[in-house]
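Next come the chains, spelled out residue by residue.
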Amino acid sequence: MNYKQIKVNSLINKITKKDTLFGGDYTIDPYQNCEFGCQYCDSSLDKTIYIKINAVEILKEELINYNRGNIIIGSVHDPYQKVEISTKITRELLKIISESKFSCHILTKSDLVLRDIDILKKIKKSLVTISLSSMDDYVSKIFEKNAPLPSIRLKTVKKLSDAGINVGIANIPILPYITDEEIENIINTAKKNCAKFFLYKHLELKGDMKLCFFNIIKNYYPPLIEQFNKLYKDSYLPKIEYISKLNKKIEELCNIYELDDKV
């Protein structure tokens, strides 16, 4: 993995359509690309991590010009990847968000977020969503090879909840024929670890990501390749019948386990 420091002209992206999944008004990403190398994510295709060294300065300038709202941190690239241990850019951005009276929703796979509980407690309506695709270590190592193990992420949910932080789990993406049979177990375990909500999304395979992902299926799950070809035929989305069935199943399970399926 290569690292390169860069300066950016802007940091905040304003969400133009209503964000029904994460409830955000704006997004910021302290880093471009990601060390975790998840095999379903475009960030895994580029092996250079760009560190936005002037992000703190830019955010201070930009927030003056925006109405208060909810900022999604890590909308594309994880804000708590390993390089954050030394740079502390995300931590400094949280301080500015707190001082500026904005709210935030952090999306991460990392237990490093626990380091910043002290600041999160000061931010009105702060949310943290811990993402995982599977609770199976073998599956996680294939698709999320450099991310913390699922057990660590679940413990992170519990610790955040115990600290009074509004926290949930995102089963994103759900991998067809591989992790969709785990959904009830994930929802049940999320509830046991005091998650307040459960978010989810089906797997999208855009551009080069489709070829890369299919190669992984050929290597690790060769009997499934024909099913994947049919499911994603001529599209980056799975067939609508699959999506509808998935949505109905999760809605029913969230009702059974009394877990919100939205923030």
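Preceding this paragraph is the structure being described.
Description of the pattern of salt bridges
Under the defined criterion, the tally for this structure stands at 11 salt bridges. With its nearest N and O atoms 2.9 Å apart, the salt bridge here joins R115 to D116. Judged by its relative accessible area of 0%, D116 is buried. The residue E204 makes a salt bridge to K206 at a minimum N-O spacing of 3.8 Å. The partly exposed category is assigned to K206, whose relative accessible area is 44%. Residues joined in a network through salt bridges with shared partners are E84, R91, R115, D116 and D118.

Here's the deal with the packing of helix 1 (residues 55–63) against helix 3 (residues 89–99)
Direction vectors running N to C along helix 1 and helix 3 enclose 20°, while the axes themselves pass 9 Å from each other. Here helix 1 lies roughly parallel to helix 3, going by the angle between them. For the element pair helix 1 and helix 3, the recorded crossing hand is right-handed. Counting all contacts with helix 1, which are made through A55, V56, L59, K60 and L63, the residues of helix 3 involved are I89, E92, L93, I96 and I97. When grouped by side-chain class, the residues that make up the contact of helix 1 with helix 3 number 8 nonpolar, no polar and 2 charged.

Some remarks on the sheet that holds strand 5 (residues 48–52)
Spatial strand order, 1-5-4: 3 strands in an open sheet with mixed pairing. In this open sheet, the two strands that pair with only one neighbour each are strand 1 (2–6) and strand 4 (31–32). Strand direction decides the pairing type here: strand 1 and strand 5, joined by 5 bridges, are parallel. Paired with I6 across the two strands is K52, which belongs to strand 5.

Overview of the packing of aromatic side chains
Summed over all chains, the structure comprises 10 aromatic pairs. Ring geometry for Y177 and F228: centres 5.6 Å apart, planes at 85°, overall edge-to-face. Here Y177, found in the loop between strand 9 (166–174) and helix 7 (183–192), pairs with F228, found in helix 9 (residues 225–231); they are 51 residues apart in sequence, far enough to count as distant. Judged by its relative accessible area of 30%, Y177 falls in the partly exposed class. Its relative accessible area of 0% is what places F228 among the buried residues.

Section: the environment of K201
Residue position: K201 is located in strand 10 (residues 198–202). By relative accessible area, K201 is classed as partly exposed at 34%. In sequence terms K201 and C212 are 11 residues apart; their C-alpha atoms lie 20 Å from each other. Once residues within four sequence positions are removed from consideration, K201 is found in contact with L21, N171, I172, P173 and I174.

Concerning the nonpolar core
In this structure, F143 and F213 are the most contacted members of the largest nonpolar core, which totals 76 residues. Ignoring anything within four residues of it in the chain, the contact list for F213 reads Q39, Y40, F143, L175, L203, L205 and F228. Ranked by size, the runner-up nonpolar core spans 8 residues in total, among them F22, I172, F197 and L199.

Focus: helix 10 (residues 240–256)
For helix 10, which comprises 17 residues, the first-to-last C-alpha distance of 24 Å matches the rise-based estimate of 24 Å (1.5 Å per residue) to within 8%. Of the residues making up helix 10, those classed as buried are Y242, I243, L246, I250, L253 and C254. Angularly, the buried residues of helix 10 cover 100° about the axis, an arc narrow enough to put them on a single face. Exposed positions of helix 10 whose direction lies more than 90 degrees from the buried face are I240, E241, K245, K248, N255 and I256. Among the structural elements, strand 9, helix 7, strand 10 and helix 9 are those in contact with the buried residues of helix 10. Positive backbone phi, approximately 55°, marks E258, located one or two places after helix 10.

Re the pairing of strand 9
Looking along a regular strand, one sees the side chains alternate between the two faces of the sheet. Burial analysis of strand 9 places 8 of its 9 residues in the buried class, the great majority of the element. With 5 bridges connecting them, strand 8 (residues 127–131) and strand 9 associate as parallel partners. From the neighbouring strand, L127 faces strand 9, where its bridge partner is N166. The pairing of strand 9 with strand 10 spans 4 bridges and is classified as parallel.

Scoring rules and cut-offs
- Residues numbered from 1 in each chain as written.
- Predicted model: local features only at pLDDT ≥ 70, side-chain atom pairs only at ≥ 80, totals over all residues.
- Heavy atoms only, no water.
- Salt bridge = Lys/Arg side-chain N within 4 Å of Asp/Glu carboxyl O.
- Buried < 20%, exposed > 50% of the residue type's maximum accessible area, 1.4 Å probe, protein only.
- Axes fitted to C-alpha atoms, helices over the stretch in contact; angles between N-to-C directions.
- Helix = DSSP H or I, 4+ residues; strand = E, 2+ residues; numbered from the N terminus.
- Parallel < 35°, antiparallel > 145°, perpendicular 65-115°, else oblique.
- Left-handed = near helix turned anticlockwise from the far one by under 90°.
- Contact = heavy atoms within 4.5 Å.
- Nonpolar A, V, L, I, M, F, W, Y, C, P; charged D, E, K, R; others polar.
- Pairing = 2+ DSSP bridges.
- Phe/Tyr/Trp six-rings, centres within 6.5 Å; stacked < 30°, edge-to-face > 60°.
- Core = buried A, V, L, I, M, F, W, Y, C linked by side-chain atoms within 4.5 Å.
- Expected span 1.5 Å × (residues − 1).
- Arc of directions from axis to C-beta.

Remember that the coordinates give geometry; whether it matters functionally is a separate question.
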